[in-house]
Amino acid sequence: MGQDQATAPEEVVEGLIDALLAEECRGKYGYTYGIELKDTQVGPGLLALDRDTQAAAVGRLLERLAEADRSLEEIRAGAGNPRNPHSDARWGPALIRRQLAEVALRALLRRKLPLSDGTLKAILGWLTTSYAVNSYWIPLAGIASAFEDRAAAGPLGDELADAVETAIAKLSADTRDAGCRKAADRLARLTGREPGARLILGEAWSDVAIADLAAMEPERRQRWSSLLISCQEAGGGKPTARWLKGVPALVEAVGFDDFKGRLLTWLPLVDRPRTQSRPRGQAWEPSHDDLIEPHHVNMLKGLAWCAAMSADRDLARSLAGLALSSYRKVPGKGPRLVSLGNAAVAALGMMPGLDAVGQLALLKVKIKFGTAQKEVEKALDAAARREGLPRDEVEEMAVPAYGMEEVGRRREELGEYVAEILAEGRDASLRWSKAADGKPLKSVPAAVKKEHADDLKELQGAVKDIGKMLTAQRERIDGLFLVRKPWPFEAWRGRYRDHPLVGVIARRLIWRFESDDRTVDGAWLDGRMVDAHDWPLDGLEASTVGLWHPIGRTIEEVTAWRDWLDRHQIRQPFKQAHREVYVLTDAERNTRVYSNRFAAHVLRQHQYHALCANRGWKNRLRLMVDDSYPATSKDLPEWGLRAEFWVEGIGEEYGRDSTESGAYLHLSTDQVRFYEIAAPQRQAHAGGGGYSTGWNGRDDAEPVPLERVPPLVLSEVLRDVDLFVGVASVGNDPTWADGGPGGRHVDYWQRYSFGDLTANGQTRKAVLERLIPRLKIGPRCSFSDRFLVVKGDLRTYKIHLGSGNILMEPNDQYLCIVPKRSAAEPDGGVFLPFEGDATLSIILSKAMMLADDRKIADPTIVSQIKR
């Protein structure tokens, strides 16, 4: 057969192709996906032909492909829905014939064949007129190889060169297909020109970059082009050691200052939407306005890795901003640019110095989804190794001071004026005064803007960074209760109490000092550590320091510290002296291995999901599908335990009980359990229906009895769950008085809105019982079990201390007051002993308004009161 086919006439080739296209082969996933020519019945015969005959077969296959494309286009045009022609019975067979021809052409073009210029031109003609030009539909790599072989044999000639230019333009039009871009680059080199950096208009950052390049002198533009091309090529994967070695020379060629300046301008613009809107291909696709061209992503990844070569605070900040922008979630997609975010995080891990580590510590707190958290951990590991620091200490050792030389304060003289950064509470501010007499100024002096523009920009950037870092450090320290981490006194003093930034938080907390001969609790006051009775604490230098927690403390001890905060008007950054304590109940002793304390609540799923991420719990959005999910869980490695909170979706009607993407709108809560951390996780159906076995099929993992769970762990876990319920419950929503859609949850809403107080509500009550008598509204207020009772001129109101919802006497009529989306602090300079309880602020604001109900102007509220 081989000898006959070596000199096979054209009709034999025709017969082989006819037989190939008549085959009914299927790939692993349908149609011909995964099929190679050698896997077909006729394929080995085509592969055995001599090179000249195979070259002729290429020409005939091109004709068959063009015929198939015309046939498919006719079917598509005649279909009722051109986007979905698969309902036409002719579509499947026609598509398979087309794909089999493409399989054959792809295999033959891998070979070095003596293709004529006519055949090569026909290839490009087919490519440029094909319905879909992409690397899946067309063997682009083989086509590029065929033209490279032709160019090696001699000049292309004008006619063929023109066809190549047309093909390059066609391939370059699809910027999202890496195969098209690579083929276009390979063909471009055959025309005697190197491919340039692929930058196109339509994105905020690329518009500016293109304008910047256009404004450069040719020599500088060429240097930047070389850098950008290198970045674009490297950005397709991970940076190689060889590529990284060449980066310094590329950056040096453009100048580090120019490189830094451009990046500080370009990278923040990545977060902005497209400047040229691009329509969605399908209604379910995410908006393209939030996305970035793939080749732009590659270029930005390369630029991020270039920025990592030198320690620089501004570039570290910009890389962290790029990571946050890339990980930002967009509807219909989730995180918008995961690969770019990962590259920015990796760059921070590569960058020398502690500024980058500080930004990684910030990202660890601000970025919540699992993949990104893993990347941040990897980068912190790399940074700790590079800097020679212990991994468990690198995050607290690398917190920047932002130029502050004392706790919470930085002072700079700029000519005749003084700038002062003050970090207080939850944020930082920039204040101005005259250097001569200290007279405060309301705004930035004009002379500073004119003569000290760079200094002003740095100060304003520092204020923003300090605010972000205060938030990150507050969340990090709040999470230390479960870590059981002690510090030697000197290390604690440098990293916490006296650190210019962390000290703003640490000096408002209570600490425990343990040494061989004594254990004392203390807090910072007037330049020294004191106890709850203001007695100075001396001789602490030999102590080990840890965070104070109310678990296990007497009522007298806790009350003394609450009195101390009240007496000195010290507002803690989070609940500590007023922290809720959850102890084992008799009901939980009876159930033994699970707690039903927070069962049977109705939660908003997406709000619950965000809260879980914020508190370090793993959770998956439940979809209205036939699938199983593990419980929401939190690993507690220091204790060898895993906490689980079971939830399930509510409802059966798609669109009413779910989002358009199929995620349940609401969840029902169930048990809290604890397992050994290595135990396999059981799963349950998304909409309920009991447990299934763990991931490995085992069902022998027994929950840990609650009496064996350390009291601190139990309390902190249940406190998180109380937070989830207290914030995400529909019972908090004043507009749900009718029970929500169909009134299905009216009983639950009534029960939650005005039912027994949780530990959170009881803490709120204790705070208000201290606070209310001192306020102007004090004489009009009293407490009755679960309510703050406010006597107005028109009605008497009962504000529930858990939900913040309101009943009006004498008939317990419901009063709906919808708070603003971001609850402001109550007016009148009211002192609250801790930050972070929005419901407490809402209750106070409502009480102050209702006590003077004659002055309420909102017609929706007035009409309810007078009804």
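Note that the structure is predicted; figures quoted are calculated from it, not measured.

A.B. asks: How do you make sense of the sheet that holds strand E24 (residues 813–815) when you look at a structure like this?
C.D. replies: Strand pairs in the sheet, formed through backbone hydrogen bonds, run parallel or antiparallel to each other. Strand order in the open sheet made by the five strands is E20-E21-E22-E23-E24, with antiparallel pairing throughout. A single partner strand is all that each edge strand has here, and the edge strands are strand E20 (781–784) and E24. Shown here is a sheet whose adjacent strand axes are inclined to one another by a mean of 30°, direction ignored. In this sheet, strand E21 (residues 787–791) lies alongside E20 in antiparallel orientation, the contact comprising four bridges. Among the inter-strand pairings, Ser782 is bridged to a residue of E21, identified as Val789.

A.B. asks: Where do I start with the sheet that holds strand E5 (residues 427–434) in this structure?
C.D. replies: Ordered in space as E3-E4-E5-E6, the four strands form an open sheet in which the pairing is antiparallel. Where the open sheet ends on each side, the last strands, each with one partner, are strand E3 (409–414) and strand E6 (440–441). Inspection of the sheet shows strand E4 (residues 417–424) paired to E5 by eight bridges, in the antiparallel sense. If you follow Val418 over to E5, its bridge partner there is Ser433. Sheet strands touched by helix H21 (residues 453–478): E3, E4 and E5. Its angle to E5, the strand with the most contacts, is close to 150°.

A.B. asks: What exactly am I supposed to notice about the environment of Ile200 here?
C.D. replies: In this structure, Ile200 sits in the loop between helix H9 (178–190) and helix H10 (204–215). The class of Ile200 is partly exposed, set by a relative accessible area of 28%. Sequence separation between Ile200 and Gly154 is 46 residues, and the spatial gap between their C-alpha atoms is 33 Å.

A.B. asks: Looking at this model, I keep getting lost on the pattern of salt bridges. Mind explaining?
C.D. replies: Pairs can form between side chains of opposite charge once their charged atoms are near each other. Evaluated as defined, the whole model comprises 76 salt bridges. Between Arg98 and Asp69 there is a salt bridge, with the nearest N and O atoms lying 3.1 Å from each other. With Arg98 in helix H5 (residues 91–109) and Asp69 in helix H4 (residues 51–78), the pair connects residues that are 29 residues apart, well separated along the chain. Owing to a relative accessible area of 1%, Arg98 belongs among the buried residues under this scheme. Between Asp837 and Lys575 there is a salt bridge, with its nearest N and O atoms 3.6 Å apart. With a gap of 262 residues between them, Asp837 in the loop between E24 and helix H30 (838–851) and Lys575 in the loop between helix H24 (555–568) and helix H25 (586–591) connect regions that are remote in the sequence. Each member of the pair, Asp837 together with Lys575, is buried. Through salt bridges with shared partners, one network takes in Asp478, Arg579, Arg615, Lys634, Glu716 and Asp720.

A.B. asks: Would you mind showing me how to read the nonpolar core here?
C.D. replies: Proteins that are soluble and globular tend to have nonpolar side chains buried together. Counting residues in hydrophobic clusters, the biggest one holds 61 residues, and the most contacted among them are Trp205, Trp224, Phe259, Leu303 and Leu363. Looking at this core element by element, the count peaks at eight residues for helix H14 (residues 294–307). When near neighbours in sequence (up to four residues on either side) are disregarded, Trp224 contacts Leu213, Met216, Val254, Asp258, Phe259, Arg262 and Trp266.

A.B. asks: Teacher, can you tell me more about the pairing of E4 here?
C.D. replies: Look at any regular strand and the pattern is simple: side chains alternate between the two faces of the sheet. For E4, a buried count of seven out of eight residues is recorded, marking the element as mostly surrounded by other parts of the structure. The sheet contact formed by E3 and E4 spans six bridges and is antiparallel. The residue of E4 that forms the bridge with Arg411 is Glu420.

Conventions and cut-offs
- Residues numbered from 1 in each chain as written.
- Predicted model: local features only at pLDDT ≥ 70, side-chain atom pairs only at ≥ 80, totals over all residues.
- Heavy atoms only, no water.
- Pairing = 2+ DSSP bridges.
- Helix = DSSP H or I, 4+ residues; strand = E, 2+ residues; numbered from the N terminus.
- Axes fitted to C-alpha atoms, helices over the stretch in contact; angles between N-to-C directions.
- Contact = heavy atoms within 4.5 Å.
- Buried < 20%, exposed > 50% of the residue type's maximum accessible area, 1.4 Å probe, protein only.
- Salt bridge = Lys/Arg side-chain N within 4 Å of Asp/Glu carboxyl O.
- Core = buried A, V, L, I, M, F, W, Y, C linked by side-chain atoms within 4.5 Å.

Nothing here speaks to function; it is all geometry.
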